[in-house]
Each structure stands twice: as C-alpha cells, then as structure tokens.
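Secondary and tertiary structure notes
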Amino acid sequence: MSRTTDRRGGRGHAPRVVVVDDSPFMRGLIADLLDDAGVAVVGEAGDGAEALEVVAETRPDVVTMDVEMPGMGGLEAVERIMAETPTPILMLSAHTDDGAAVTFEALERGAVDFFAKPGGEVSAGVSREADRLVAAVRSVADADLDAATRDGAAADVEADAGGSAGPSTPSRDLTDPVTVVIGASTGGPNAVERVLASLPMADCRVLIVQHMPEAFTSRFADRLDGVSAYDVREATDGERIGAGEALVARGGNHLEVGSYRAGRLRVKLTEDDSRSVTPAVDVTMESAAGTVSDPLVGVILTGMGSDGSIGIRAMADAGARTIAQSEDTCVIYGMPKRAVATGVIDAVHDLDDVAGAIFDGGAA
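In short, a report on the structure.

Rules used in this analysis
- Residues numbered from 1 in each chain as written.
- Predicted model: local features only at pLDDT ≥ 70, side-chain atom pairs only at ≥ 80, totals over all residues.
- Heavy atoms only, no water.
- Buried < 20%, exposed > 50% of the residue type's maximum accessible area, 1.4 Å probe, protein only.
- Helix = DSSP H or I, 4+ residues; strand = E, 2+ residues; numbered from the N terminus.
- Arc of directions from axis to C-beta.
- Pairing = 2+ DSSP bridges.
- Phe/Tyr/Trp six-rings, centres within 6.5 Å; stacked < 30°, edge-to-face > 60°.

A separate point is helix 14 (residues 351–358). For helix 14, the complete set of buried residues consists of Leu351, Val354, Ala355, Ala357 and Ile358. In a view along the axis of helix 14, the buried residues occupy a sector of 165°, so they form one face of it.

Structure (structure tokens):
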C-alpha cells in the first residue's frame, strides 16, 4: 500500500522524496536512512501504478525508483512519471551487467541518475553506504529537469531521423595528434554520449571519466561505441590507444596516462582511496597534463561536486584548450561551475556545441 505524509521540503530545504520499491522492508530501510539524514520521505509506493498516484498527490522533489516490481515496473513508471508529473528520478540499480543495461534504458526514458545497490540488492549494504545514497538523492533533487528532458528529446529526434552520429560523423584533418579528456558526473551518461556521437573522426584519442561504479562502465563503453565513429572500450591496465580510439575509465579505478609516444597513449589503472570519487577526473587530467606533449583538450560536463577543477587547471597550465558545459544545458551545474571558477576555462558552450568546440580555437 502507498503511504503519504504532510511533511514539506522544497528547494533550499530538505528534499521531499517518494520511495518506490515492491519490498516493504526495503522501502522502510530506505525511508529510515533518508529520514535519519534529515531528508523528508513524503510517500511510498509498492509498484509503478501506485507510484504514479503518490507522485501526483505529493509532488516530491525526488523519486527513488526500483526497477523490478510486479505489475508496472520501474521503466514504465519512469516514462509515465516524466510524461504526467515530471519529477527527478533516482534509479536503484542492481550492481550487475543486466542491472546496468536496464539502468541506461531508464536514463534514456528520463531518470536523472542511479544508485548502484551494494551486492546487487538493497540490504544492509545500503546502510553501510547511507551517506552515498543521501548525497545521490540531494544531487538529483537539485537537477535541472528541463535540461535533462531537453537533452533526451533531442536525442530521440536524432534517433528518429536515423541519426546515429557515429558512421556519418565527418572527419577532420589535423596537423598534430590531439588528446581529449572528458569528465562528467550526474547527468553525464547522456551528455557524454551526445558529445562523442558528434565528435568528428580525426587524429584524436579520447579519455572519458564518468563517475560510475564497476559493472556499469563496460556497458557504458559499449553504448558509446555504438553511437560514435570512435572505437570505444573500457580501459584495461597497460592498454595503448591511438587515433580514432576512446577509453572509458573503469569503475573502481583511476585512469592515468602512463606514457605517450608517437601519438599513442599507454594508460594504467590505479587505486587511491584518498580521492572523494573513483574514478576521478582530476587524476586523469593531471596525468595527461604531465605526460602528453601534443595538443590537449580538457572538457568538463554536467555533474555534482568539484572533481575536475584541479585537473583542468593542470591541463591549462600545460597549454591545453579547456571547455566547460553551459549552465543552461547542465543537469547539475556543479563540476562546470567549479571549473569556470578556476579562471582557466577558455570557452563555455551549450552541450550540442561542445563537440565542435573541441577542434576550434586553435587546439589542433
């Protein structure tokens, strides 16, 4: 059964949340964790149909949505909520390959972000990661839903037009090899996909750091490979990449540029628990700045927090061209805002202009 309360939050206050899960125990656990952190749980639902009613009644700031439920499941519920009562949605996703596939479909249908369930289930593992869950809820509550849905609608139009940008992406003749490092977090999967799908094939190698756990980054790389002209794969330790190739940082590891010779990068995977996020954009950008001798481009896309601000400064100090996504097109204007605040960003662009900007302004 559904449950509603009269608690009210609002922007600038504790987010108001509806918890959707078919397990009463799990709903209670998640609600207790959020309540303990001062996040107002204003409703609960046991399936997608109930979720539609509760969301329409309570008008929350965030919905946490399970995927597998009897009757109307999470995917259909996401689509219906976004059509009927647009609300930022945080998916609760199994930490498995199948869970990753469903999660990316949910993001396509309008979900803002996801929380990977420890061990594949919401259980005592969530209690151990309560801080991360609460941070994810607060981040999604601050999402610019207009930007998120506008990006999704544009992607649908492109797909309906037969527009996978990959095979038809024009090539660019460059004097020197170019290394591009792209960093993103909340709202990033769709944003990175749009940038790479529009990126011209060139004497270019691309490193992508998306805040994402292990078991999701491999699936993310596969998706990027399918929409772009680049050969995209999840990074492995010691791997080399050359022109026309891209690597996605593996979840649970940092991606560093170990060496650079004759236009080819060799990367290494490292661990560093002192960083606030893993993989960290700062790690990849700093290592690229210290290793790559040919032209560099650093790009900071939508995301929560300050990761990338140190790295983008290091890249600028090394002579790189630096780009940040505009506030108007960010789902979360956190990482780009911090990057712009460093004073080293050369250009700020709307999301759909970022790919073209990578090769403009004398970077190549």
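This part covers the sheet that holds strand 15 (residues 264–270). Taken together, 3 strands build an open sheet; the order of strands is 12-15-14 and the sheet is antiparallel. Each edge of the open sheet carries a strand with a single partner, namely strand 12 (240–241) and strand 14 (254–261). Alignment of strand 14 against strand 15, held across 7 bridges, turns out to be antiparallel. Of the residues in strand 15, the one forming a bridge with Arg261 is Arg264.

Bringing the packing of aromatic side chains into the picture now. One pass over the structure, following the stated rule, counts 2 aromatic pairs. Their ring planes at 15° and their centres at 5.9 Å tell us that Phe104 and Phe220 sit as a pair that is stacked. Of this pair, Phe104 sits in helix 4 (residues 97–109) while Phe220 is found in helix 10 (residues 217–227), placing the two residues 116 residues apart along the sequence. With respect to class, Phe104 is no different from Phe220; both count as buried. On the numbers, 4.6 Å between centres and 20° between planes, the contact of Phe114 with Phe216 is stacked.

This part takes up unusual backbone geometry. Residue Pro279 is bonded to the preceding Thr278 through a cis peptide linkage, with omega at 0°. Looking at where Pro279 falls in the secondary structure, it is placed in the loop between strand 15 and helix 11 (281–291). In this model, Ala215 sits at a positive phi of 85°, which is unusual for a non-glycine residue. Secondary-structure assignment places Ala215 in the loop between strand 10 (204–210) and helix 10.

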